[in-house]
Amino acid sequence: QVQLVESGGGLVQPGGSLRLSCAASGIIFGWYAMGWYRQAPGKQRELVATISNTGGGTNYADSVKGRFTISRDDAQRTVYLQMNSLTPEDTVVYYCRADSIFGRSAYWGQGTQVTVSA
C-alpha cells in the first residue's frame with residue numbers, strides 16, 4: 001500500500017523555523033513529482049511548493065517564496081519543506097502529495113499541523 005507520512009509540524013514562534021518531512025513508501029519515488037499543500041479552516045487547499053521527480057525543477061506559491069525551500073532525497077524516499085521566517089498566517093495543516101509523472105495516480109498524506117504563535 002501507498003503511504004505518505006508527514007512529520008515535523010508543531011508550535012513555533014513568529015520568525016521561527018520548522019522543517020517538515022514526508023516519507024513515502026509503496027511507490028517508485030523517482031517516478032513521482034512531490035508537493036506540499038496547506039489548508040486553513042474554511043479555505044481551499046492551496047499549493048505551497050512542488051518539486052519535479054528529478055529534483056531539477058521547483059515551484060512556490062508567492063506567499064512563501066524566499067522563505068520556504070522544498071527538496072527531496074531519493075535515497076531516503078523523502079521530501080522536505082524547510083520553513084523559515086514563519087508568520088501566524090502560516091498556521092495551517094500541511095499536506096504532502098505525490099503525483100505520478102505518467103498521470104496515473106496521485107496520493108495525499110494525512111497532514112501535519114503547523115502553529116505559529118507567540
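Structure: above.
Residues numbered from 1 in each chain as written. Predicted model: local features only at pLDDT ≥ 70, side-chain atom pairs only at ≥ 80, totals over all residues. Heavy atoms only, no water.

Draft legend 1. Quick look at the sheet that holds strand β8 (residues 78-83). Read across the sheet, 4 strands follow the order β1-β3-β8-β7 without closing on themselves; strand pairing throughout is antiparallel. The sheet terminates laterally at β1 (3-7) and β7 (68-73), the two strands that pair on one side only. Taken pair by pair, the neighbouring strands of this sheet meet at an average axis angle of 15°, ignoring direction. Bridge count for β7 against β8 is 6 bridges, and the pairing is antiparallel. Along β8, the bridge assignment pairs T69 with Q82. (Pairing = 2+ DSSP bridges. Helix = DSSP H or I, 4+ residues; strand = E, 2+ residues; numbered from the N terminus. Axes fitted to C-alpha atoms, helices over the stretch in contact; angles between N-to-C directions.)

Draft legend 2. Summary view of the state of the cysteines. Summed over the entire model, instances satisfying the criterion amount to 1 disulfide. Disulfide pairing is shown between C22 and C96; the S-S distance is 2.1 Å. As the torsion about the S-S bond is roughly -85°, the C22-C96 disulfide counts as left-handed. A residue pair is termed long-range when its members are at least 10 positions apart, and C22 in strand β3 (residues 18-25) and C96 in strand β9 (residues 92-100) qualify at 74 residues. Exposure remark for C22: the relative accessible area of 0% places this residue in the buried category. Judged by its relative accessible area of 0%, C96 falls in the buried class. (Disulfide = S-S within 2.5 Å. Buried < 20%, exposed > 50% of the residue type's maximum accessible area, 1.4 Å probe, protein only.)

Draft legend 3. Region of the structure containing the environment of R97. Of note, R97 is situated in strand β9. When its relative accessible area of 18% is taken as the criterion, R97 is described as buried. Between the C-alpha atom of R97 and that of A33, which follows or precedes it by 64 residues, the distance is 8.3 Å. Residues within four places of R97 in sequence aside, it is in contact with L4, A33, M34, G35, Y37, A106, Y107 and W108. (Contact = heavy atoms within 4.5 Å.)

Draft legend 4. View of the pattern of salt bridges. Per the counting criterion, the structure on display carries 6 salt bridges. We note a salt bridge from K65 to D62, for which the minimum N-O separation is 3.2 Å. What makes D62 exposed here is its relative accessible area of 66%. Across the pair R67 and D90 runs a salt bridge, and its minimum N-O distance is 2.8 Å. (Salt bridge = Lys/Arg side-chain N within 4 Å of Asp/Glu carboxyl O.)

Draft legend 5. Here's a closer look at the pairing of strand β5 (residues 46-51). Bridging between strand β4 (residues 32-39) and β5 involves 5 bridges; their strand directions are antiparallel. Among the inter-strand pairings, M34 is bridged to a residue of β5, identified as I51. Between β4 and β5, which pair antiparallel one after the other, the connecting turn spans 6 residues, and G42 there sits at a positive phi close to 75°. One ladder, built from 3 bridges, connects β5 with strand β6 (residues 58-60); its direction is antiparallel.

Draft legend 6. Region of interest: the side chain of T112. With respect to the helices and strands, T112 occurs in strand β11 (residues 112-116). We classify T112 as buried; its relative accessible area is 10%. At 3.4 Å, the side chain of T112 forms a polar contact with the backbone nitrogen of G9. If we ignore the near neighbours within four places in the chain, the residues touching T112 are E6, S7, G9, L20, V92, V93 and Y94. (Polar contact = N/O pair within 3.5 Å; in protein donor to acceptor, adjacent residues only side chain to side chain.)

Just distances and angles here, no functional claims.
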